[in-house]
Amino acid sequence: MTVAFPIDLRSDTVTRPTPAMREAMAAAPVGDDQYGEDPTTNRLQEQMAALLGKPAALWLPSGTMANQVAAMTLARPGDEIVTAREAHAGWHEIGATAANAGVQIVEAGSGGVFSAEQFEAAIKPAGLPVFPATTVVEIENTHNRAGGVVFPQDEAVRICALARARGIASFLDGARLWNAAVASGRSEAELAAPFDLVSVAFSKGLGAPAGSLLAGTPEVIARANRNRRRLGGAMRQVGILAAAALHGVEHHRARLGEDHANARRLAERLARSAAVALDLATVQTNIVVFHLRPGAPDAAALVARARAQGVLVAAFGPRTVRAVTHLDVSAAQCDAAAERLCRLLDGAAEAR
Ligand SMILES: *Cc1c(COP(=O)(O)O)cnc(C)c1O
């Protein structure tokens, strides 16, 4: 069987809308969403609120804006948000939480997770005038930079209960909550239940060209709506994009297990290379983050050499590489990509 190159494993955002998704977009009834008159966006928001077990929901153009709107809605300038180490909000949004919300980020735990005890230790004491107020705790599920790991749900429940007892708001960055649901066997609503506010993305595993969404109480969503407008994210006939999101939820959610199986095959092949350090326990969903051992090429060199051979992966650090599986790569392509990466790495080791 011949395998098509290039094979793009840089991200699950590289997917292109399928012909059926484009048809759904073209056929979508639309109106001016800033008047609340876009029927497709309204349908998406209602369906997603129900799916996430929250009373209200709001469409947003991107996951980055969802995180910014969440910070602006739940915290005030000068406050602190506690996240896992290397959360997207702190590492992949060019300081937007500080620039847009005036909020600083404190990291807890390791490997994409933290415990209720580690959260408690990160809360600044109240009462003394020197400390910033800890007003939000954020959990990223799945956690991108930690390799797509699923946050343990019993710990999320403990963390959110502690937050509530301390008057701290809880936010779930669920850009890949769909993957967490498939991997854990828990519904999105169950995963979102402990949290005051939850985000999901339609432009990653579900394959839509754009779009994220926040869900929470009507009061919080009304404030989020004002902050979306403040950031310039309120749009007009956005039903064209909402239709893509609805199509992705309906047709591409159940197949995410295929992406997880493909990531597993890729990871198991990479882990056999002497040049690679890869903890297979982190490969729980569609992301493979691996490290290049001393003597192997660095991440920039591997990325460039792989690209020349039609395999696209991303440098995540000087010696750290990420590969992500998605709708537009097959099992055979993942096998072929793993073989080429290993040949590049082990060939380099032999040539030394
Ligand atoms: C991708 C991602 C975002 C941001 O989404 P964009 O649509 O790229 O802005 C936020 N959080 C997590 C965990 C992500 O992986």
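What you see is a predicted model; the values in this text were computed from it and never measured. (Residues numbered from 1 in each chain as written. Predicted model: local features only at pLDDT ≥ 70, side-chain atom pairs only at ≥ 80, totals over all residues. Heavy atoms only, no water.)

*Asks:* I keep staring at empty space enclosed by the protein and nothing clicks. Help me out?
*Replies:* To find leftover empty space, a probe the size of one water molecule is rolled over the atoms. Following the criterion strictly, the structure yields 1 cavity of 30 Å³ or more and no others. In this structure, the largest cavity occupies an estimated 50 Å³ of space. Of all the elements in the fold, those that place two or more residues in the lining of the largest cavity are helix 3 (63-74) and strand 5 (134-140). (1 Å grid on protein atoms, 1.4 Å probe; cavity = no way out; pocket = protein on both sides within 12 Å on 5 of 7 lines; lining within 4 Å. Points joined across faces, edges and corners; volume = space filled by probe spheres on them. Helix = DSSP H or I, 4+ residues; strand = E, 2+ residues; numbered from the N terminus.)

*Asks:* Quick question: what am I supposed to make of the layout of surface pockets here?
*Replies:* Approximately 280 Å³ is the volume found for the largest pocket. For the lining of the largest pocket, the class distribution of residues is 4 nonpolar, 7 polar and 4 charged. For the lining of the largest pocket, the domains that each give at least three residues are domain 1 (19-251) and domain 2 (255-351). (Nonpolar A, V, L, I, M, F, W, Y, C, P; charged D, E, K, R; others polar. Domains from an automatic or database assignment.)

*Asks:* Help me understand the nonpolar core in this model?
*Replies:* Most often, soluble globular proteins keep nonpolar side chains buried together rather than apart. Grouped together as the largest cluster of nonpolar side chains are 52 residues, with contacts concentrated most on L44, F114, F119, W178, F202 and L213. Here this core takes 6 residues from helix 11 (residues 239-252), the largest share from any one element. Setting aside residues no more than four positions away along its own chain, F119 makes contact with V82, F114, V137, I159, L162, A163 and I168. Formed by 31 residues, the second largest nonpolar core is a distinct cluster that contains I7, V276, F290 and L345. (Core = buried A, V, L, I, M, F, W, Y, C linked by side-chain atoms within 4.5 Å. Buried < 20%, exposed > 50% of the residue type's maximum accessible area, 1.4 Å probe, protein only. Contact = heavy atoms within 4.5 Å.)

*Asks:* Even after reading the chapter, I still don't get the sheet that holds strand 12 (residues 314-317), so can you show me in this structure?
*Replies:* One open sheet holds the 4 strands; their spatial order is 9-10-13-12, and the pairing between them is antiparallel. Strand pairing shows two members of the sheet lacking a second neighbour, strand 9 (276-277) and strand 12, which therefore form its edges. Note: strand 10 (residues 287-292) against strand 13 (residues 320-324), 5 bridges, orientation antiparallel. Each residue of the ladder has a partner; that of V288, found in strand 13, is A323. The sheet contacts of helix 12 (residues 256-271) involve strand 9, strand 10 and strand 13, and relative to strand 10 the element is tilted by about 15 degrees. (Pairing = 2+ DSSP bridges. Axes fitted to C-alpha atoms, helices over the stretch in contact; angles between N-to-C directions.)

*Asks:* Would you explain unusual backbone geometry in this entry?
*Replies:* Along the chain, F5 connects to P6 via a cis peptide bond; the corresponding omega equals -5 degrees. As for its position among the elements, P6 is in the segment before strand 1 (7-8). For the peptide bond that leads from N141 to T142, omega is 0 degrees, which places it in the cis range. Within the secondary structure, T142 is located in the loop between strand 5 and helix 7 (153-165).

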